[in-house]
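So you can see what is in the structure, the chains are spelled out below.
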Amino acid sequence: MKRVPAAASRTAVPGEAAPGARVAGRGRGRGAAGVKDVAAAAGVSLGTVSNVLNRPEMVSPATRAKVEAAMESLGFVRNESARQLRAGSSRILAYLMLDAGNPFFTDVAKGVEEAAREAGLSVFLCNSNEDAAREADYLDLLEQQRVQGVLITPIDSHSPRITTLPLRGTPVVVVDRALDEGLHCSVAVDDVLGGEVALTHLIELGHERIAFVGGPNTIGQVTDRREGARNALAEAGLPAENLIELTTAALTVAEGRGAGQRLAGLPADRRPTAAFCANDLLALGLLQQCVSLGLRVPEDLAIVGYDDIEFAAAAAVPLTSVRQPRQLLGKTAAELLLDESSNPDHEHQRVTFTPELVVRTSTRGKGRRPDANSGGDTSR
């Protein structure tokens, strides 16, 4: 902004503010109106302005209206950073997700936002991108920002950083990962059961050689879902080697395509007739690659995903998937975090939801068609 020297004279133009005058609606910065300006414009004390901002019920309606009118006229914007500095904490919750490119986590974030808005708070979203160093950097930043609490879907739920954060005053709730310890609240789906449900469905359809597509093995959800798949295989009396593991470097569509290329390259007599994928993005990539290579789904390869994201039902071959209550996970976790941050009698809880298999065309036998009224989905 060009400044006019104090000693210089300047002729006022009709409709233009005089030099040094504040203009409502102008950009913030050094010219931003403060509480002293509001008090002067409204003819009240600084304490009255403070009460209007923080304890409006203590101010008469007439005075409050006068102060609010002055704020509007001056374009006053409350300095939330200053309030946070005085209070020692902010009115912000943070959600550090595992992969912002996965619609599962954005759906969880919607649930977090719903609970935060109901409490009059904002949400700061962070993405670790399955990178432990990046996750640690975000946790340091969030602690420095004095957020009211952190929700996290961690790469390693036993990370010391997650343990020490609450000891220094920042509550933490773990999302999409169940914890046995009583150090944190946690909200998750029973992923071992989810893996069992998926494999049992494929075994009941007559499949005996089944691929498990997932990774990396540092992600607890992947190992739990694979454990459930192994349990179902053993329960059915099938040998452990009948679960062919196709490990991926990430839970992405591209990695699913790569797994499809590897699977299609196996000799026909050794190729699995079904695949269980650790999430829907892998399953969609696998589906795309197999179809492009001439394999028919489900006739040549039945596929089950996990999460039941919106794209699962919209795939070229609608995808059977293990459903998680995504938004409910986020909302429940945020409510637990809000209680921990404000309730001195808070007790840590471990909330576990039951997964649900949604059967679609990708596992239905040849010639079977969905009910006309089912929309192509059958829940089990």
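Anyway, here's the lowdown on the structure attached to this text.

Cut-off values and rules
Residues numbered from 1 in each chain as written. Predicted model: local features only at pLDDT ≥ 70, side-chain atom pairs only at ≥ 80, totals over all residues. Heavy atoms only, no water. Helix = DSSP H or I, 4+ residues; strand = E, 2+ residues; numbered from the N terminus. Buried < 20%, exposed > 50% of the residue type's maximum accessible area, 1.4 Å probe, protein only. Areas by Shrake-Rupley, 256 points an atom, 1.4 Å probe, with all protein chains shown as cover. Contact = heavy atoms within 4.5 Å. Polar contact = N/O pair within 3.5 Å; in protein donor to acceptor, adjacent residues only side chain to side chain. Pairing = 2+ DSSP bridges. Axes fitted to C-alpha atoms, helices over the stretch in contact; angles between N-to-C directions. Disulfide = S-S within 2.5 Å. Parallel < 35°, antiparallel > 145°, perpendicular 65-115°, else oblique. Nonpolar A, V, L, I, M, F, W, Y, C, P; charged D, E, K, R; others polar. Salt bridge = Lys/Arg side-chain N within 4 Å of Asp/Glu carboxyl O. Phe/Tyr/Trp six-rings, centres within 6.5 Å; stacked < 30°, edge-to-face > 60°. Arc of directions from axis to C-beta.

1. Details of the overall build of the protein chain
Then, number 1: Counting its regular elements, the protein chain contains 13 helices and 13 strands.
Then, number 2: Burial statistics for the protein chain: of 380 residues in total, 46% are counted as buried.
Then, number 3: Carbon together with sulfur atoms contributes 49% to the accessible area of the protein chain, which is approximately 19,000 Å² in total.

2. Thoughts on the environment of Gly43
Then, number 1: Counting through the fold element by element, Gly43 comes out in the loop between helix H1 (35-42) and helix H2 (46-54).
Then, number 2: Residue classification places Gly43 among the exposed positions, given a relative accessible area of 61%.

3. Let's talk about the environment of Leu282
Then, number 1: Relative to the assigned elements, Leu282 resides in helix H11 (residues 280-292).
Then, number 2: Along the backbone, Leu282 and Gly258 are 24 residues apart, and their C-alpha atoms lie at a distance of 9.4 Å.
Then, number 3: With residues up to four places along the chain from it excluded, the contact list for Leu282 reads Val213, Gly214, Thr248, Ala250, Leu251, Thr252, Glu255, Gly256 and Cys277.

4. Things to note about the side chain of Thr363
Then, number 1: Among the structural elements, Thr363 can be located in the loop between strand E12 (356-359) and strand E13 (378-379).
Then, number 2: Overall, the relative accessible area of 3% leaves Thr363 in the buried class.
Then, number 3: In terms of polar contacts, Thr363 uses its side chain to reach the side chain of Thr320, at 2.8 Å.
Then, number 4: Not counting the four nearest positions on each side in its chain, Thr363 is found in contact with His201, Leu202, Leu205, Pro298, Ala302, Ile303, Val304 and Thr320.

5. Focus on the sheet that holds strand E4 (residues 172-175)
Then, number 1: One open sheet accounts for six strands, arranged E2-E1-E3-E4-E5-E11; its pairing is parallel. Looking at strand neighbours, the two that pair on one side only are strand E2 (122-127) and strand E11 (350-353), the edges of this open sheet. Between one strand axis and the next, the sheet turns through 15 degrees on average, direction left out of account.
Then, number 2: Sheet topology places strand E1 (residues 92-97) next to E2; six bridges connect them, and they run parallel. Bridging across to E2, Met97 finds its partner in Asn127.

6. Section: the state of the cysteines
Then, number 1: Scanning the model with the defined rule gives zero disulfides in all.
Then, number 2: Just so you know, Cys277 is unpaired, no disulfide at all, and the nearest cysteine sulfur is the one on Cys290, 8.9 Å from it.

7. Topic: the pairing of strand E6 (residues 210-214)
Then, number 1: Among the five residues of E6, five are classified as buried, and the element is accordingly described as predominantly covered.
Then, number 2: Both faces of E6 are covered, namely the face carrying Ile210, Phe212 and Gly214 and the face carrying Ala211 and Val213.
Then, number 3: Looking at chain direction, E6 and strand E7 (residues 243-247) are connected through five bridges and run parallel. Of the residues in E7, the one forming a bridge with Gly214 is Thr247.

8. Notes on the packing of helix H6 (residues 132-144) against helix H7 (residues 160-167)
Then, number 1: One way to put it is that H6 packs onto H7 with a least axis distance of 11 Å and a crossing angle of 5 degrees. Put simply, H6 runs roughly parallel to H7. When H6 is examined against H7, the residues Leu139, Asp140 and Glu143 are found in contact with a partner set consisting of Arg161, Ile162 and Leu165.
Then, number 2: Grouping the amino acids of the contact of H6 with H7 by side-chain chemistry returns three nonpolar, no polar and three charged.

9. Topic: the pattern of salt bridges
Then, number 1: Tallying each qualifying case throughout the model produces 15 salt bridges.
Then, number 2: Taking the shortest distance from any N to any O, the salt bridge between Arg177 and Asp224 comes out at 2.7 Å. Here Arg177, found in the loop between E4 and strand E5 (185-189), pairs with Asp224, found in helix H9 (residues 220-235); they are 47 residues apart in sequence, far enough to count as distant.
Then, number 3: Among the residues examined, Asp224 registers a relative accessible area of 18% and is labelled buried.
Then, number 4: Across the salt bridge formed by Arg360 and Asp308, the nearest N and O atoms sit 2.9 Å from each other.

10. Regarding the packing of aromatic side chains
Then, number 1: All chains considered together, the criterion is met by three aromatic pairs.
Then, number 2: Ring pairing ties together the aromatic residues Phe212, Phe276 and Tyr306, which thus form one cluster.

11. Here we look at the environment of Glu235
Then, number 1: Among the structural elements, Glu235 can be located in helix H9.
Then, number 2: Each C-alpha atom of the pair Glu235 and Thr200 lies 9.0 Å from the other, and the pair is 35 residues apart in sequence.

12. Concerning H7
Then, number 1: Of the residues making up H7, those classed as buried are Arg161, Ile162 and Leu165. The arc that holds the buried residues of H7, viewed along the axis, is 100 degrees, so those residues lie on one side. Across from the buried face of H7, at angles greater than 90 degrees, the exposed residues are Pro160 and Leu167.
Then, number 2: Backbone geometry just downstream of H7 places Gly169 in the positive-phi region, at approximately 105 degrees.

Read these as spatial facts, not as claims about activity.
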